[in-house]
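Descriptive analysis of the structure
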Amino acid sequence: MENRIVAGKTIRQWMRELPLLENMIRTEEVFWPNPNICSFDQATRHLPLGERDVKEAEERLARFAPYIAKAFPETRDSGGIIESPLIKIPKMQRYLEEMSGQPIEGEVWLKCDSHLPISGSIKARGGIYEVLKHAEDLALANGLISIEDDYAVFADEEFRKFFSRYSLVVGSTGNLGLSIGIIGARLGFHVTVHMSADAKQWKKDLLRSKGVTVVEHLTDYNKVVEEARRQSAEDPASYFIDDENSIHLFLGYAVAALRLKQQLEDKNIIVDEDHPLFVYLPCGVGGGPGGVTFGLKLVYGDHVHCFFAEPTHSPCMLLGLMTGEHDRVSVQEFGIDNRTEADGLAVGRPSRLVGKMLEHVISGVYTVDDSTLYRLLAAMIDTEEIRLEPSALAGVAGPVRLCQDQAARMYLEQHHLTEKMNKATHICWATGGSMVPKDVMDAYYQEGKRRQG
Ligand SMILES: *Cc1c(COP(=O)(O)O)cnc(C)c1O
């Protein structure tokens with residue numbers, strides 16, 4: 001094993017250069033402060049994307065709001081804007097403090113993307129955005145609309161008939177498939193979702209009930225995406241949603257930051273030099289947390305600190321960042337099995353697009369054990385009555401880890417944050433859960449109680 005060559009070096013050499021790797025290979029929980037972080041201005045000077053692009057994405061979503069409100073009545077109250085609440089979770093904060101014996105300075109909040117309308121996960125941002133973008137491109141190119149029109153017409157039969165000439169293809173561990181499938185089928189597209197072996201049965205059932213073609217694979221996420229990409233390329237009427245490389249997905253996620261800024265202002269929460277903001281984002285391939293991070297950095301610059309959270313068995317982004325090899329390395333090549341109950345995070349190879357864009361921007365990455373995810377899942381129900389899927393709890397471990405882990409405390413010291421922590425805001429990004437069927441959620445809860453002992 002130690003003599004195996006990965007990206008030009010033996011695993012033994014890699015471990016000598018990166019001592020933390022040994023802990024990762026043993027699937028222990030680790031905290032990695034990013035040694036390559038630099039000021040946001042410096043880090044983004046050469047990036048191909050900027051504020052203008054995120055604004056454009058926000059405007060596009062606003063154009064589609066009349067359609068969304070019409071096609072998905074649950075969004076009528078928000079005027080067709082797909083957004084989630086930000087809520088304070090003091091009881092959960094107390095639980096975290098008691099369980100860890102570690103006081104958490106500052107206030108802990110939950111960003112409830114778990115309760116985003118339409119598809120109940122963070123994918124209702126990026127996934128839906130990219131399908132709308134594609135639908136708009138097709139409609140504009142074929143003279144069906146102009147950009148000043150009322151987009152409610154997208155719900156008309158004529159549009160559905162038009163889109164039925166086209167198809168959408170995506171590879172997914174579950175939630176991206178749900179978001180693409182639901183919005184795609186509603187618009188009239190033929191949608192094919194390729195699901196990885198870890199995808200949950202209820203997600204496949206739900207999609208089939210909406211007329212989506214679900215192809216089940218026995219392989220893991222990256223292989224499935226590869227196969228889906230290949231199949232889509234054979235059909236000129238087919239559009240592939242590329243979770244590993246898509247700028248559109250990324251921008252759809254980034255819009256979250258502009259909305260969060262407003263929510264924080266409405267709640268009189270200050271973010272500035274003396275009031276740091278810490279955000280903890282569950283990470284699979286990286287698009288969701290990456291897009292949100294990019295948006296938040298545009299808004300708050302160096303006053304926001306974004307940490308990615310991965311399962312101990314699937315630390316792909318951490319591996320890509322720490323080695324600097326990004327998608328040239330996978331967890332499996334290092335003998336890590338990519339088996340986790342956090343299905344949304346079960347990814348062995350990270351997005352190169354995200355890793356390269358944010359290698360100097362992400363504050364750090366930590367890993368979480370499945371057992372911890374389950375315990376937090378049950379505690380979140382007991383304390384706050386909020387039901388999340390296992391993946392979504394990865395971010396909830398963040399505030400404790402930041403205050404407790406030795407490496408994290410060094411990060412705080414180096415950035416002169418230690419003495420500001422009593423004025424800090426922590427936001428745990430709850431990435432999914434409201435669509436989980438009751439019997440499945442009950443089983444998760446029981447498992448969590450069992451693991452709490
Ligand atoms: C997809 C997903 C994530 C992570 O998003 P990536 O873009 O894969 O990094 C986190 N949590 C849940 C519940 C998800 O479905």
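Residues numbered from 1 in each chain as written. Predicted model: local features only at pLDDT ≥ 70, side-chain atom pairs only at ≥ 80, totals over all residues. Heavy atoms only, no water.

Here we look at the site of the ligand
To keep things clear, this is the line we draw: Being near a molecule or strand, for a residue, means having at least one of its heavy atoms within 4 Å of it. Under this definition, polar contacts are N or O atom pairs within 3.5 Å; protein pairs additionally need one hydrogen-donor-capable and one acceptor-capable atom, and for neighbouring residues in sequence, both atoms have to be side-chain atoms. Each accessible area is a Shrake-Rupley estimate made with a 1.4 Å probe; only the visible protein chains count as cover when residues are assessed. We count a stretch as a helix when DSSP gives it H or I for four or more residues in a row; a strand needs E for two or more, and each element gets its number in order from the N terminus. Three classes are used, and their members are as follows: Ala, Val, Leu, Ile, Met, Phe, Trp, Tyr, Cys and Pro are nonpolar, Asp, Glu, Lys and Arg are charged, and the others, Gly among them, are polar.
Residues in contact with the ligand amount to 16 residues; listed here are only the nearest, Lys123, Asn175, Gly284, Gly286 and Thr431. Within the side chain of Asn175, an N or O atom sits 2.7 Å from an oxygen atom of the ligand. Val285 is positioned such that a nitrogen or oxygen atom in its backbone is 3.0 Å from an oxygen atom of the ligand. Protein chains bury 98% of the 370 Å² of accessible surface belonging to the ligand in isolation. Per-element tally for the shell around the ligand: the top contributor is helix H12 (residues 287–300), with 3 residues. For the shell around the ligand, the per-class residue count stands at 5 nonpolar, 9 polar and 2 charged.

A few points about the nonpolar core
Generally speaking, soluble globular proteins have nonpolar side chains that are buried together. Quick reminder of the rule: Buried Ala, Val, Leu, Ile, Met, Phe, Trp, Tyr and Cys residues that are joined via side-chain atoms within 4.5 Å together make up what is termed a nonpolar core. Burial classification: accessible surface area is computed with a 1.4 Å probe over protein chains only, and a residue below 20% of its type maximum counts as buried, one above 50% as exposed, and the rest as partly exposed. Where each domain begins and ends is defined by an automated method or by a domain database.
Core analysis: the biggest nonpolar cluster contains 154 residues, and Phe154, Leu187, Phe189, Leu296 and Trp429 have the highest contact counts within it. Take this core: its biggest share by element is 10 residues, from helix H11 (residues 247–266). When residues of this core are assigned to domains, at least three fall in each of domain 1 (5–48 + 77–118 + 251–452) and domain 2 (122–247).

So, the UniProt feature "domain: Tryptophan synthase beta chain-like PALP" (unreviewed entry) in the protein
The criterion, for reference: UniProt positions are given in the numbering used here, feature names are shortened, and annotations may be inferred rather than shown by experiment.
Residues annotated in UniProt with the feature "domain: Tryptophan synthase beta chain-like PALP" (unreviewed entry) correspond here to residues 80–403. Taken end to end, residues 80–403 has its terminal C-alpha atoms 39 Å apart, with 44% of it in helix and 15% in strand.

Considerations on the pairing of strand S5 (residues 107–112)
What counts here: Whether two strands pair depends on DSSP finding at least two bridges between them.
In terms of residue burial, S5 counts as a mostly covered element, since 5 of its 6 residues are buried. Two strands pair when backbone bridges link them, and strand S4 (residues 86–88) and S5 are joined in this way by 3 bridges, in the antiparallel orientation. Bridge assignment links Leu86 to a residue of S5, and that residue is Lys111. Sheet topology places S5 next to strand S13 (residues 425–430); 6 bridges connect them, and they run parallel. Its bridge partner being in S13, Cys112 is matched across the sheet by Ala430.

With respect to the pattern of salt bridges
To keep things clear, this is the line we draw: When a carboxyl oxygen of Asp or Glu lies within 4 Å of a side-chain nitrogen of Lys or Arg, that pair is called a salt bridge.
Per the stated rule, a full pass over the model turns up 35 salt bridges. The residue Glu22 makes a salt bridge to Arg26 at a minimum N-O spacing of 3.4 Å. The exposure class of Arg26 is partly exposed, given its relative accessible area of 47%. The shortest N-O distance in the salt bridge between Glu389 and Lys203 comes to 3.2 Å. With Glu389 in the loop between helix H15 (370–384) and helix H16 (398–404) and Lys203 in helix H9 (residues 201–209), this residue pair connects regions lying 186 residues apart in the sequence. Its relative accessible area of 1% is what places Lys203 among the buried residues. A single salt-bridge network, built from bridges that share partners, covers Glu83, Lys111, Asp113, Arg125 and Arg259.

Brief notes about the sheet that holds strand S10 (residues 277–282)
Filter applied, for reference: Each axis is a line fitted through C-alpha atoms, and for a helix only the stretch in contact is used; angles between axes span 0 to 180 degrees, taken between their N-to-C directions. Here, two residues are considered to be in contact whenever any of their heavy atoms come within 4.5 Å of each other.
Spatially, 7 strands are ordered S3-S12-S11-S10-S13-S5-S4 in an open sheet, and the strand pairing comes out mixed. Only two strands of the sheet have a single partner each, and these edge strands are strand S3 (31–33) and S4. Across the sheet, the mean angle separating the axes of adjacent strands is 25° when strand polarity is ignored. Relative to S13, H11 is tilted by about 135°, and along the sheet it contacts S4, S5, S10 and S13.

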